[in-house]
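Single-letter residue listing:
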Amino acid sequence: MANKMPREIAPGVFWLGDCLAQRHKGKIYHGYNAAFLVAGETASVLVETGHPKDFPVIERHLAELFARGLAPLKYLFVTHQETPHCGGLGRILKTHPDAILCGDVSDYHLAFPQYEHRMHWMKEGDEIDLGGRSLMAVEPVIRDLRTTWWGFDTRERVLFPGDGFAYSHYHEDGHCGLIAEEAVSLDLPDVSSTFADLALFWTKFADMNAYCDRLDHLIERLGVKTIAPTHGLPITDVNATVPKVLTGLKAAALMPESGTNEKVPLSGACAATPTI
Ligand SMILES: [Zn+2]
Ligand SMILES: [Zn+2]
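1. Considering the environment of V38
Next, step 1: As for its placement among the helices and strands, V38 is situated in strand β5 (residues 35-39).
Next, step 2: The spatial distance from the C-alpha of V38 to the C-alpha of E172 is 30 Å, given a sequence separation of 134 residues.
Next, step 3: If we ignore the near neighbours within four places in the chain, the residues touching V38 are G12, V13, A43, S44, V45, V47, L130, R133, D153 and F160.

Here it is in structure tokens:
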């Protein structure tokens, strides 16, 4: 399933990583804990570090891309301090000694004091220059932590929304490695609401209409053309696909929480630790 990756989802923007299997109500859902590489003329930035199970895959994807001659990795941008998003940052900073960690860098120096001088604070509107394009920190509408920032590629207008636009896909239907619009049998409202139920419990206690309006506002203000979620399939037709995801978020908010993951051992090639 990983043979489609790394996949270029917009010019110079590459999707890295692999699927993670998750059991829910007797079904096996697949999700991503993706990382993305944005290559400029003089520098590349890695957005997110991936899930620990995917570190070897992501290292291989990076090596493959840099062997093609992409600009060197000078920056790592992580949306927030949770393992599927930033768990590999020590490894990335070690293997790429010129790379600077960017974003809200609260607390990382406590785990990695040796890299404190390579941590760069960003706030909304701040940009890191990659040569011909930059990565900007933008409003994180859906956030797990108060330290969350979302990223935005100013040239191809790609939004990196971290935990926003999170949803799973069906391995059996061959969705692995597809963009959202290619996965035609995917019930986006259903998988979006399932993911919110499992991983974004606070959406049960918030007015999701206000969040969805804010998402629409952000997409319009930035002129977003592609959405590269950490836990969903990339969205390349914003007008057609975003309303389906928002329908799922609103539906999930109206249902009571159904509980945490089923603790059933997984088997087969795609089995992995059932965490989000
Ligand atoms: Zn997450
Ligand atoms: Zn998959």
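Picking up after the structure, the text goes on.
2. Focus on the nonpolar core
Next, step 1: If you look at the biggest cluster of nonpolar residues, it comprises 63 residues, and the most contacted ones within it are L159, F160, Y167 and I227.
Next, step 2: With sequence-adjacent residues up to four places away left out, L159 is seen in contact with V138, W150, G151, F152, L218, L222, V224, T226, I227 and A228.
Next, step 3: Counting 21 residues, the second largest nonpolar core, distinct from the first, contains A35, L73, L76 and M119.

3. Brief notes about the packing of helix α6 (residues 208-222) against helix α7 (residues 238-254)
Next, step 1: For the pair α6 and α7, the least separation of the axes is 9 Å and the interaxial angle reads 160°. Between α6 and α7, the crossing angle belongs to the class labelled roughly antiparallel. Here the hand of the crossing between α6 and α7 comes out right-handed. Contact residues: α6 offers M208, N209, C212, L215, D216 and I219, while α7 offers V238, V242, L246, L249, K250 and A253.

4. Examining the coordination of the zinc ion (ligand 2)
In ideal tetrahedral geometry, four donors around a metal make angles of 109.5 degrees, whereas ideal octahedral geometry with six donors gives angles of 90 or 180 degrees.
Next, step 1: Of the protein atoms, only C19 (SG), H30 (ND1), H169 (NE2) and C176 (SG) coordinate the zinc ion (ligand 2), at distances of 2.1 to 2.3 Å.
Next, step 2: Coordination at the zinc ion (ligand 2) is tetrahedral: its 4 donor atoms span angles of 103 to 115° at the metal.
Next, step 3: For the zinc ion (ligand 2), all donor residues lie on one chain, and their spacing in sequence is C-x10-H-x138-H-x6-C. As far as the burial class goes, H169 and C176 line up, both buried.

5. Here we look at the pattern of salt bridges
Next, step 1: Evaluation of the coordinates by the stated rule reveals 10 salt bridges.
Next, step 2: Here D153 and R133 are joined by a salt bridge, their closest N and O atoms 2.7 Å apart. Pair noted here: D153 is in strand β12 (residues 150-153) and R133 is in the loop between β10 (127-129) and β11 (134-138), with a separation of 20 residues, a long-range link. The burial state of D153 is the same as that of R133; both residues are buried.
Next, step 3: A salt bridge links E156 to R155, with the shortest nitrogen-to-oxygen separation between them at 3.1 Å.

Reading the values: the criteria
The residue numbering used here restarts from 1 in each chain and proceeds along that chain's sequence as written. By the order in which they are written, chains take letters starting at A while ligands take numbers starting at 1. Predicted model: local features are reported for residues with pLDDT of at least 70 only, side-chain atom pairs are reported and counted for 80 or more only, and whole-chain, interface and lining totals are derived from all residues. To get the side-chain values, take all heavy atoms of the structure and skip hydrogens and water. Helix and strand assignments come from DSSP, with helices taken as H or I runs of at least 4 residues and strands as E runs of at least 2, each series counted from the N terminus. By definition, residues are in contact when any of their heavy atoms lie within 4.5 Å. To form a nonpolar core, buried Ala, Val, Leu, Ile, Met, Phe, Trp, Tyr and Cys residues must be joined to one another through side-chain atoms within 4.5 Å. Remark: exposure states derive from per-residue accessible area (1.4 Å probe, protein chains only) relative to the maximum for the residue type, with buried under 20%, exposed over 50%, and partly exposed in between. All axes here are fitted lines through C-alpha atoms, helices being fitted over the stretch that makes contact, and every angle between N-to-C directions spans 0 to 180 degrees. In these notes the angle categories are as follows: under 35 degrees is roughly parallel, over 145 is roughly antiparallel, 65 to 115 is roughly perpendicular, and the rest is oblique. Handedness of each helix crossing follows the sense of rotation of the near helix against the far helix: counterclockwise by less than a right angle gives left-handed, clockwise gives right-handed. A donor here means any N, O or S atom no more than 2.8 Å from the metal (3.2 Å for Na, K and Ca); water is not included, so a site may seem to lack partners. Square planar and octahedral assignments, for four and six donors respectively, both demand that opposite donors be over 155 degrees apart and that all other angles lie between 65 and 115; tetrahedral needs four donors with all angles between 85 and 135 degrees, and anything else is irregular. We count a salt bridge whenever a side-chain nitrogen from Lys or Arg sits within 4 Å of a carboxyl oxygen from Asp or Glu.

Keep in mind that these numbers describe shape and distance, not what the molecule does.
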